[in-house]
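# Coordinate analysis (summary)
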Amino acid sequence: VFILQKIQIMKKIFFLSFFSVALLSLSVAQTLQYTKWKKFDTTFNDTVVMNFRDGTFILSRQAGSVLVNGLYTENQNTITFEDLYAGNCLSIIGTYTFSINNDILHLNMISDLCTERVTVLNGSYWNRMPGIRIDVPADYTTIQAAIVAANNCDTVLVSEIIYYEQINFLGK
């Protein structure tokens, strides 16, 4: 009887451990940090690019001219935008939910008084942009500078020479 009770307790502990690991993996939040997205926008009749890095976002035409930039914060699947440059929405806060599925970003408005931003973002689908190749030392003289400049999908290619530096991958 004692052995049976011990086995049942062990099964319960195993089940709870497995259940905790499953819940932990479900609770891992998606993040927009160090990502780049694009879509064709009928408002601008052009492909627009949205780049997220270090708490800032830049919305630009694919050719590079900046349309809007500002600050963003993420909390699980919610993102808050505050435009700081360009557009008519300076300092107006907009809050959206987001989801990422198969390299597609989908945004839905929770609240936003900026009609220009709502027109571009609400209900929109964005495609993740492919990574680029960054060569060290051709593009950046240090490995760390290349890592800082890189987005999550980028490749940092390091030439075969000796580098004297400490590396921080910045969670990338």
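Treat the numbers as computed from the prediction; the structure is a model and nothing was measured.

Calculation notes
- Residues numbered from 1 in each chain as written.
- Predicted model: local features only at pLDDT ≥ 70, side-chain atom pairs only at ≥ 80, totals over all residues.
- Heavy atoms only, no water.
- Phe/Tyr/Trp six-rings, centres within 6.5 Å; stacked < 30°, edge-to-face > 60°.
- Helix = DSSP H or I, 4+ residues; strand = E, 2+ residues; numbered from the N terminus.
- Buried < 20%, exposed > 50% of the residue type's maximum accessible area, 1.4 Å probe, protein only.
- Salt bridge = Lys/Arg side-chain N within 4 Å of Asp/Glu carboxyl O.
- Patch = residues over 30% accessible without salt bridge, like charges linked within 9 Å, V, L, I, M, F, W, Y side chains within 5 Å.
- Areas by Shrake-Rupley, 256 points an atom, 1.4 Å probe, with all protein chains shown as cover.
- Polar contact = N/O pair within 3.5 Å; in protein donor to acceptor, adjacent residues only side chain to side chain.
- Contact = heavy atoms within 4.5 Å.
- Disulfide = S-S within 2.5 Å.

Before going further, it helps to spend a moment on the packing of aromatic side chains. Tallied over the full model, the rule gives four aromatic pairs. Their ring planes at 75 degrees and their centres at 4.9 Å tell us that Phe52 and Tyr72 sit as a pair that is edge-to-face. Of this pair, Phe52 sits in strand 2 (residues 46-53) while Tyr72 sits in strand 4 (residues 66-75), and the two are 20 residues apart along the sequence. We note that Phe52, like Tyr72, is buried. Where Phe81 meets Tyr96, the ring centres are 5.9 Å apart and the plane angle is 75 degrees; that geometry is what we call edge-to-face. Of this pair, Phe81 sits in strand 5 (residues 78-85) while Tyr96 sits in strand 6 (residues 93-101), placing them 15 residues apart in sequence. Across the pair, Tyr96 and Phe81 agree in class, each one buried.

Here we take up the pattern of salt bridges. What the rule picks out here adds up to six salt bridges. The partner of Arg117 in a salt bridge is Asp83, with the nearest N and O atoms 2.8 Å apart. One end of the pair, Arg117, is in helix 2 (residues 115-121); the other, Asp83, is in strand 5, with 34 residues separating them in the sequence. By relative accessible area, which is 6% here, Arg117 ends up buried. Residue Asp103 pairs with Arg128 through a salt bridge whose shortest N-O separation is 2.8 Å. In this pair, Asp103 is assigned in the loop between strand 6 and strand 7 (104-112) and Arg128 in strand 8 (residues 125-128), connecting sequence segments 25 residues apart. It is possible to trace a salt-bridge network through shared partners that takes in Asp83, Asp112 and Arg117.

Quick look at a nonpolar patch on the surface now. On the surface, a cluster of nonpolar side chains totalling about 420 Å² of accessible area is made up of Ile58, Val66, Leu71, Leu84 and Tyr85. Every element with two or more residues in the nonpolar patch is listed here: strand 4 and strand 5. Of note, Leu84 is situated in strand 5. Leu84 sits in the partly exposed class, given a relative accessible area of 44%.

Relative to the assigned elements, His106 resides in strand 7. On the basis of relative accessibility, which here comes to 18%, the residue His106 falls in the buried class. Polar contacts involving the side chain of His106 include one to the side chain of Tyr125, which spans 3.4 Å. Residues in contact with His106, not counting those within four places in the same chain, are Thr97, Phe98, Ser99, Gly123, Ser124 and Tyr125.

The tally for this structure, following the rule as stated, stands at one disulfide. Here Cys89 engages in a disulfide with Cys114; their sulfurs sit 1.5 Å apart. Of note, the bridge from Cys89 to Cys114 carries an S-S torsion of about 60 degrees and is right-handed in sense. Of the two residues, Cys89 sits in the loop between strand 5 and strand 6 while Cys114 sits in the loop between strand 7 and helix 2, which places them 25 residues apart along the sequence. As far as the burial class goes, Cys89 and Cys114 line up, both buried.

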